[in-house]
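Listed here are the chains, written in short residue letters.
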Amino acid sequence: MVTELMSNEIALLAIFLLSIFVGFEVVSKVSTTLHTPLMSGANAIHGVILVGAIVVADHAKTNLELGLALAAVVLATINMVGGFVVTDRMLQMFKGKPKSKKDSGDDK
């Protein structure tokens, strides 16, 4: 029984460490022009996480569970809104500067 439990914990730790390595390798190879679409996709995932946190808060039975669920809702909300703000700022960088009327050739 104890050996089986240790085996499961070691397997979970190995999966966790491999996911960190693979995630780092994948993200570090992304070109800068693709960061904005990836951020938008990540924001959609954070929206799903927020819905999950709300569902967990709805099913909480004790005050501790409710407190942790509400903390998860707050943190997921901050993460999602912050991601959209960062994405918006990144999209603003790709827009050109507005041309003034003097530069556009309209001398009317």
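Residues numbered from 1 in each chain as written. Predicted model: local features only at pLDDT ≥ 70, side-chain atom pairs only at ≥ 80, totals over all residues. Heavy atoms only, no water.

If you check an unreviewed UniProt entry, the protein appears there as proton-translocating NAD(P)(+) transhydrogenase from Candidatus Nanopelagicus hibericus. According to UniProt, the comment filed for the protein under the heading Subcellular location (unreviewed entry) is "Cell inner membrane". (UniProt positions renumbered as here; feature names shortened; annotations may be inferred.)

Caption draft 1: View of the pattern of salt bridges. Under the definition given, this model contains 1 salt bridge. In this structure, the salt-bridge partner of K29 is E25, at a minimum N-O distance of 3.3 Å. Residue K29 is classed as exposed on the basis of its relative accessible area, which comes to 63%. E25 sits in the partly exposed class, given a relative accessible area of 27%. (Salt bridge = Lys/Arg side-chain N within 4 Å of Asp/Glu carboxyl O. Buried < 20%, exposed > 50% of the residue type's maximum accessible area, 1.4 Å probe, protein only.)

Caption draft 2: Fine view of the confidence of the model for the protein. In the predicted model, the protein carries a mean pLDDT of 81, and the fraction of residues at 70 or more is 83%. Per-element confidence in the protein is highest for helix α3 (residues 63-94), whose mean pLDDT is 87, and lowest for helix α2 (residues 35-58), whose mean pLDDT is 82. (pLDDT = per-residue confidence, 0-100. Helix = DSSP H or I, 4+ residues; strand = E, 2+ residues; numbered from the N terminus.)

Caption draft 3: Up close: the environment of K29. Examined against the element boundaries, K29 turns out to sit in the loop between α1 (2-28) and α2. There is a polar contact of 3.3 Å between the side chain of K29 and the side chain of E25. (Polar contact = N/O pair within 3.5 Å; in protein donor to acceptor, adjacent residues only side chain to side chain.)

Caption draft 4: Local environment of the nonpolar core. The biggest cluster of nonpolar side chains holds 5 residues, and these are L50, A53, V73, A76 and M80. No other element matches the 3 residues that α3 contributes to this core. Setting aside its immediate chain neighbours within four residues, A76 contacts I49 and L50. (Core = buried A, V, L, I, M, F, W, Y, C linked by side-chain atoms within 4.5 Å. Contact = heavy atoms within 4.5 Å.)

Caption draft 5: Layout of the UniProt feature "transmembrane region" (unreviewed entry) in the protein. The UniProt feature table records "transmembrane region" (unreviewed entry) at residues 6-26, 38-56 and 68-87. Helix makes up 100% of residues 6-26 and strand 0%. Its end C-alpha atoms lie 30 Å apart. As a span, residues 68-87 carries 100% helix and 0% strand, and end to end its C-alpha atoms are 28 Å apart.

Caption draft 6: Broad picture of a nonpolar patch on the surface. Judged by side-chain polarity, L13, F16, L17 and I20 come together as a nonpolar surface patch covering roughly 410 Å² of accessible area. Tracing the backbone through its elements, the reader meets F16 in helix α1. (Patch = residues over 30% accessible without salt bridge, like charges linked within 9 Å, V, L, I, M, F, W, Y side chains within 5 Å. Areas by Shrake-Rupley, 256 points an atom, 1.4 Å probe, with all protein chains shown as cover.)

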